[in-house]
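Structural overview
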Amino acid sequence: MAGSVAGSAAAQKAAKLQSLNGLFAIYKKAGPTSADVLNTLKEKLLQEAGLKQNPKKRKRHILKVGHGGTLDNSASGVLVVGIGKGTKMLGNMLSGSKKYTTVGELGKATDTLDATGTGTEEKAYDHITKDEFEESLKKYIGNIMQVPPLYSALKKDGQRLSVLLKKGHAVEAKPARPVTVYSISLQEFKPPLFTLDVECGGGFYIRSLVNDIGKDLSTCAHVKDLIRTKQGPFTLQEHVLHEDKWTIDAIAQSIQDCMCLFPTEPDSKRLKTDLDQPSKDSQAVEVES
């Protein structure tokens, strides 16, 4: 009897997991890649449901999940996840508005443009005033052109530039591309450190912004800390699930709670009706930060 009850409970968990369809947000801590975080989430859910995915049958996915935009390894904050048929809605997350808080450091440059990299240059920064710093930010608001960092998830011949660089391959910088910045505000200025709040569109790199600001001010700079505080309608304060809440019930509740964040047309309609279209069981990847 006990065994049958346990088996029934496990079957109910599995059924509930496989019925989940929608978007929710999780907290990505600094360190792991966005793909690693997604894999950890998937493993926890499958384990809770008592399910195993057969690696030999990749086309028959037990659980379909994806994320709506890569965060740098060293960055933390909001990572939007699509599950089941919700993965069809992730495209909106890639192009939508995002907010970041970043701490930059003047006077030091690195090859990765953040604190994880090797130092490449040091310059004086004591000539910079707060007024000059704030004035330099104005040129970055609006529709601008930006050169992505060499160390990034952008690809060449199917491989990420960051991976090619770590293997010792020569990599050329990608050409400047159009990006959108809605606002930048200086929250704190205590040289060599400064804190910015940035709202931008998809494909924008905070690391490139900080690097470019340093050059504009006749010094150099890199990102010390980066947090994504908002992606689309999902905010860090209101919507993210931390790892202790990566459970089937908590995610089901979050999906339900977050349905009100989206318009009923056209995406929720597509979520309900476009059920038989194939979709990829991989991360919806765009580089940002």
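The numbers attached to residues start from 1 for each chain and follow its sequence in the written order. Since the coordinates come from a predicted model, pLDDT governs what is reported: local features require at least 70, and pairs of side-chain atoms require 80 or more to be given and counted, while whole-chain, interface and lining totals use all residues. In computing side-chain properties, one takes all heavy atoms of the structure into account and sets aside hydrogens as well as water.

Side note on the overall build of the protein chain
Strands here are runs of E lasting at least two residues and helices are runs of H or I lasting at least four, both read from the DSSP assignment and numbered beginning at the N terminus. Broken down by element type, the protein chain carries eight helices and 14 strands. When burial is assessed residue by residue, the protein chain has 45% of its 289 residues classed as buried. Relative to all contacts within the protein chain whose residues are 6 or more apart in sequence, the contacts with residues 24 or more apart total 75%. Carbon and sulfur atoms make up 51% of the accessible area of the protein chain, which amounts to about 14,800 Å² in all. Here's how the labels work: a residue is buried when its accessible area is under 20% of the maximum for its type, exposed when over 50%, partly exposed in between, all with a 1.4 Å probe on protein chains only. Contact definition: two residues touch when any of their heavy atoms are within 4.5 Å. The method behind every accessible area is Shrake-Rupley, applied with a 1.4 Å probe, and residues are considered shielded solely by the protein chains displayed.

Examining the nonpolar core
To define a nonpolar core, start from buried Ala, Val, Leu, Ile, Met, Phe, Trp, Tyr and Cys residues and group those joined through side-chain atoms within 4.5 Å. If you look at the biggest cluster of nonpolar residues, it comprises 27 residues, and the most contacted ones within it are Phe133, Leu196, Val198 and Phe204. When contributions to this core are tallied by element, the ones reaching two or more residues are β4 (98–106), α4 (130–137), β10 (177–190), β11 (193–200), α6 (206–216) and β12 (221–231). The dominant element in this core, judged by the number of residues it contributes, is β10, at five residues. Among the nonpolar cores identified, the runner-up in size contains 22 residues, and Leu20, Val37, Leu46 and Leu241 belong to it.

Describing the packing of aromatic side chains
Note on ring pairs: Phe, Tyr and Trp rings are taken, using the six-membered ring of Trp, and paired if centres are within 6.5 Å. Classes follow the plane angle, with under 30 degrees stacked, over 60 edge-to-face and the rest tilted. For the structure on display, the rule yields three aromatic pairs. Here Phe133 and Phe194 contribute two aromatic rings whose centre-to-centre distance is 4.7 Å and whose plane-to-plane angle is 55°, an arrangement assigned as tilted. Here Phe133 is found in helix α4, whereas its partner Phe194 is found in strand β11, with 61 residues between them in sequence. Both residues of the pair, Phe133 and Phe194, count as buried. On the basis of an interplanar angle of 55° and a centroid distance of 5.7 Å, the ring pair of Phe234 and Phe262 is categorised as tilted. With Phe234 in strand β13 (residues 234–235) and Phe262 in the loop between α7 (248–258) and α8 (264–273), the pair connects residues that are 28 residues apart, well separated along the chain. Given the relative accessible area of 19%, Phe262 is considered buried.

Concerning α4
When we look at burial in α4, the residues that qualify are Phe133, Ser136 and Leu137. Each buried residue of α4 lies within a common arc of 105° when the element is viewed along its axis, so the set occupies one face. Of the surrounding secondary structure, the elements contacted by the buried residues of α4 are β4, β10, β11 and α6. Along the arc lie the directions from the helix axis toward the C-beta atoms.

Some remarks on the UniProt feature "domain: tRNA pseudouridylate synthase B C-terminal" (unreviewed entry) in the protein chain
UniProt positions are given in the numbering used here, feature names are shortened, and annotations may be inferred rather than shown by experiment. Feature annotation in UniProt places "domain: tRNA pseudouridylate synthase B C-terminal" (unreviewed entry) on residues 207–240, given in this structure's numbering. Taken as a whole, residues 207–240 contains 29% helix and 41% strand, while its terminal C-alpha atoms sit 24 Å from one another.

Some points on the pattern of salt bridges
Here a salt bridge means any side-chain nitrogen of Lys or Arg lying within 4 Å of a carboxyl oxygen belonging to Asp or Glu. If you walk through the whole model with that rule in mind, you get ten salt bridges. The closest approach of N and O atoms between Glu48 and Lys13, which form a salt bridge, is 2.9 Å. With Glu48 in helix α2 (residues 34–49) and Lys13 in helix α1 (residues 2–18), this pair connects stretches of sequence that are 35 residues apart. Among the residues examined, Lys13 registers a relative accessible area of 26% and is labelled partly exposed. The shortest N-O distance in the salt bridge between Lys224 and Glu105 comes to 3.7 Å. With a gap of 119 residues between them, Lys224 in strand β12 and Glu105 in strand β4 connect regions that are remote in the sequence. Taking the relative accessible area as the measure of exposure, Glu105 reaches 12% and is therefore buried.

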